[in-house]
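# Topology and contacts: notes
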Amino acid sequence: MCWDEYRWLTNQILPWVDSAALFVILGAMPSSLEATDPTISRLIAQETERQASKLRLIPSENFASSAVLAATGSALTNKYSEGYYGRRYYEGQEFIDQIEELAIERAKAVFGSAHANVQPYSGSPANLAAYLAFCKPGDKVMGLHLPSGGHLTHGWKVSISGKFFEAVHYKVGKESGRVDLDEVRETALRERPKVLWAGGTAVPRTVDFAGFAEIAKECGALLFADIAHISGLVAGGAHPSPVGLADVVTTTTHKTLRGPRGGMIMASEEHAKAIDRAVFPGLQGGPHNHTTAALAVALHEAQQESFKTYAHQIVRNAKALATRLLEHGFELVSGGTDNHLILIDLTNKGLPGKVLAKALDSAGIVTNYNSVPYDPRKPFDPSGLRIGTPAVTTQGMCEPEMVKIADWMQQVADAPSDDGLHERIAGDVRDLCKAFPAPGVSG
Ligand code: DSN
């Protein structure tokens with residue numbers, strides 16, 4: 001229905017119906033998205049249904065609450081606000097300023113940080129801004145090797161961080177699958193990097209931020225902690241915090257933290273100006289105010305007692321899932337997990353990660369194939385599978401459900417081409433998801 005038809009209709013009916021009845025009539029009308037772009041509307045509905053009816057085990061994904069989604073899809077998307085609160089280049093900031101200040105204050109309260117910048121568009125721009133604040137092209141940076149679980153932006157060769165800086169890397173031990181701080185110290189003292197990164201994107205074990213801080217001090221490096229994956233665990237007290245130990249802490253806001261897609265940087269007061277200048281005007285233009293508001297909502301949620309319970313349950317669930325997978329003969333990098341993430345090396349199962357990931361998807365279990373440390377296979381066809389428990393924990397699932405999931409994974413790994421089996425499991429998965437409705441997406 002177009003706007004003119006809508007106006008004509010309301011003009012006709014308005015004199016005849018009371019406001020309650022009008023509300024019912026309008027509620028039955030197609031939403032403006034459906035009316036304007038039925039194709040996109042349908043695709044969003046299908047994606048929403050997919051999220052509601054499959055088990056989402058990708059460790060970097062989650063379900064944001066309806067409140068976070070509402071803020072994300074608000075009129076704030078219409079506003080330009082280059083600058084920081086109280087110092088903008090555009091008028092009309094009386095509400096945006098309050099929103100950004102609230103987001104900052106809540107970030108500082110949740111993480112105990114002296115300074116927070118909530119404007120980075122996501123994790124990679126946050127990391128780039130951190131470099132911009134302190135480094136010059138050609139400086140030496142040191143981070144975890146990508147196949148060992150590091151992130152592209154920690155100096156990997158195909159990323160801008162590997163092209164603009166001289167990058168050196170530390171690896172996890174071949175047998176242990178864990179970062180060896182003695183090796184980190186030795187490399188750092190030899191290489192004397194300007195920046196030492198702690199954290200990564202496929203790290204199943206606790207990051208020893210205090211140990212990294214000592215090494216950074218010894219070799220004269222700045223310590224950057226990337227807590228994108230674990231920021232929700234840190235906020236909920238389920239992982240030690242790098243705040244107060246690292247010079248800069250960067251994170252995305254949509255993983256375990258369960259906010260909108262975005263980024264954030266925390267630092268001491270001493271580094272506040274450098275960080276703020278690097279984000280704007282150094283790297284970005286106007287902040288995404290709808291995201292800032294949604295982040296403020298997510299941080300408010302993270303301040304509740306229930307979030308602590310959630311964060312600890314993520315870890316309990318990951319441990320339960322890992323234990324059952326081990327019982328089924330899956331090999332886990334580092335032998336298990338301390339956090340939300342499990343990295344499975346499928347070599348002993350004779351299955352490449354991609355093959356199992358696709359078979360699992362057809363059984364309603366969504367994972368991502370991933371390199372394992374020292375992987376002889378290519379990153380796009382690797383030996384591993386990366387899974388995690390943030391989303392299923394948001395749905396309210398606990399240890400018994402993790403056992404069920406591991407059992408299904410084993411059945412699929414044993415019969416990766418059995419379409420009938422996959423269909424049957426997909427049905428059971430749908431029933432499980434109905435019993436544990438996901439916030440924001442389940443009808
Ligand atoms: N792509 C993110 C993840 O899945 O971990 C990291 O950038």
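Below you will find a few notes about this structure.

Most of strand β15 (residues 384-388) sits inside the fold, with five of its five residues counted as buried. Here strand β12 (residues 341-345) runs beside β15; their pairing, made up of five bridges, is antiparallel. By the bridge assignment for β15, Ile344 is matched with Leu385. Bridge count for strand β14 (residues 368-370) against β15 is three bridges, and the pairing is antiparallel. Along β15, the bridge assignment pairs Tyr369 with Leu385.

Here the structure, examined in full by the defined rule, presents 21 salt bridges. Glu105 is paired through a salt bridge with Lys108; the nearest N and O atoms lie 3.4 Å apart. Here the residue Glu105 and the residue Lys108 both occupy positions in helix α6 (residues 96-111), the gap between them amounting to three residues, near one helical turn. Residue Glu105 is classed as partly exposed on the basis of its relative accessible area of 35%. Within this structure, Lys140, Glu166, Arg190 and Glu191 form a network of salt bridges that share partners.

Another point: the site of the ligand. Lining the immediate environment of the ligand, one finds Ser60, His151, Thr201, His229 and Arg386. At 2.7 Å, a side-chain N or O of Thr201 approaches an oxygen atom of the ligand. Separating an oxygen atom of the ligand from a side-chain N or O atom of His229 is a distance of 2.7 Å. Taken by itself the ligand offers 230 Å² of open surface, and the protein chains cover 62% of this. Looking at the shell around the ligand residue by residue, the classes come out as no nonpolar, four polar and one charged.

Formed by 48 residues in total, the largest nonpolar core has its most connected members in Phe111, Val184, Leu196, Phe212 and Leu223. Ranked by the residues each element gives to this core, the list is headed by helix α10 (residues 209-219), at six residues. Leave out the neighbours within four places in its chain, and Val184 touches Met142, Tyr170, Val179, Leu196, Phe212 and Ile215. By size, the runner-up hydrophobic cluster in this structure holds 35 residues, among which are Leu55, Leu351, Val392 and Ile425.

Enumeration over the complete set of coordinates arrives at 11 aromatic pairs. Aromatic side chains Tyr84 and Phe280 sit 6.5 Å apart centroid to centroid with 70° between the ring planes, which places their arrangement in the edge-to-face category. Taken together, the residues span a long stretch of sequence, with Tyr84 in strand β2 (residues 83-84) and Phe280 in helix α12 (residues 269-283) at a distance of 196 residues. By relative accessible area, which is 10% here, Phe280 ends up buried. By the ring-pair criterion, three or more aromatic residues cluster together here, those being Tyr131, Phe134, Phe165, Trp197 and Phe224. One Lys or Arg, Arg56, reaches over the ring of Phe63 and ends 4.4 Å from the middle of that ring. Note that Lys349 overlies the ring of Phe330, its terminal NZ or CZ placed 4.3 Å from the centroid.

This next bit is on the side chain of Ser81. As for its placement among the helices and strands, Ser81 is situated in the loop between α5 (66-72) and β2. Since its relative accessible area comes to 0%, Ser81 is described here as buried. A polar contact of 3.0 Å, which involves the side chain of Ser81, links it to the side chain of Gln93. Among the polar contacts made by the side chain of Ser81, one reaches the side chain of Asn289 at a distance of 2.8 Å. Non-local contacts of Ser81, meaning those with residues more than four positions away in its chain, are made with Arg88, Tyr90, Gln93, Ile96, Pro287 and Asn289.

Rules of the game
- Each chain has its residues counted from 1, running along the sequence as written.
- Note on the predicted model: pLDDT of at least 70 is required for a residue's local features to be given, and 80 or more for side-chain atom pairs to be given and counted; whole-chain, interface and lining totals, by contrast, use all residues.
- Side-chain measures were taken over the full set of non-hydrogen atoms in the model, leaving aside hydrogen atoms and water.
- For each residue, the accessible area found with a 1.4 Å probe, counting protein chains only, is set against the maximum for its type, and the residue is called buried under 20%, exposed over 50%, and partly exposed in between.
- Secondary structure elements follow DSSP: runs of H or I no shorter than four residues count as helices, runs of E no shorter than two count as strands, and numbering proceeds from the N terminus.
- What makes two strands pair is DSSP finding at least two bridges between them.
- For salt bridges, the criterion is a side-chain nitrogen of Lys or Arg within 4 Å of an Asp or Glu carboxyl oxygen.
- Any residue with at least one heavy atom within 4 Å of a molecule or strand is counted as near it.
- Under this definition, polar contacts are N or O atom pairs within 3.5 Å; protein pairs additionally need one hydrogen-donor-capable and one acceptor-capable atom, and for neighbouring residues in sequence, both atoms have to be side-chain atoms.
- Exposure was quantified through the Shrake-Rupley algorithm and a 1.4 Å probe, taking into account, for residues, occlusion by the shown protein chains and nothing else.
- Basically, the charged four are Asp, Glu, Lys and Arg, the nonpolar ten are Ala, Val, Leu, Ile, Met, Phe, Trp, Tyr, Cys and Pro, and anything else, Gly included, counts as polar.
- Definition of nonpolar core: a set of buried residues of the types Ala, Val, Leu, Ile, Met, Phe, Trp, Tyr and Cys, connected through side-chain atoms within 4.5 Å.
- The contact rule is simple, with two residues in contact once any of their heavy atoms fall within 4.5 Å.
- Here is the rule: rings of Phe, Tyr and Trp (six-membered ring for Trp) pair when centre to centre is within 6.5 Å. Planes less than 30 degrees apart are stacked, more than 60 are edge-to-face, and the remainder are tilted.
- Our definition puts a charge over a ring when NZ of Lys or CZ of Arg is within 6 Å of the ring centre and also within 35 degrees of the ring normal.

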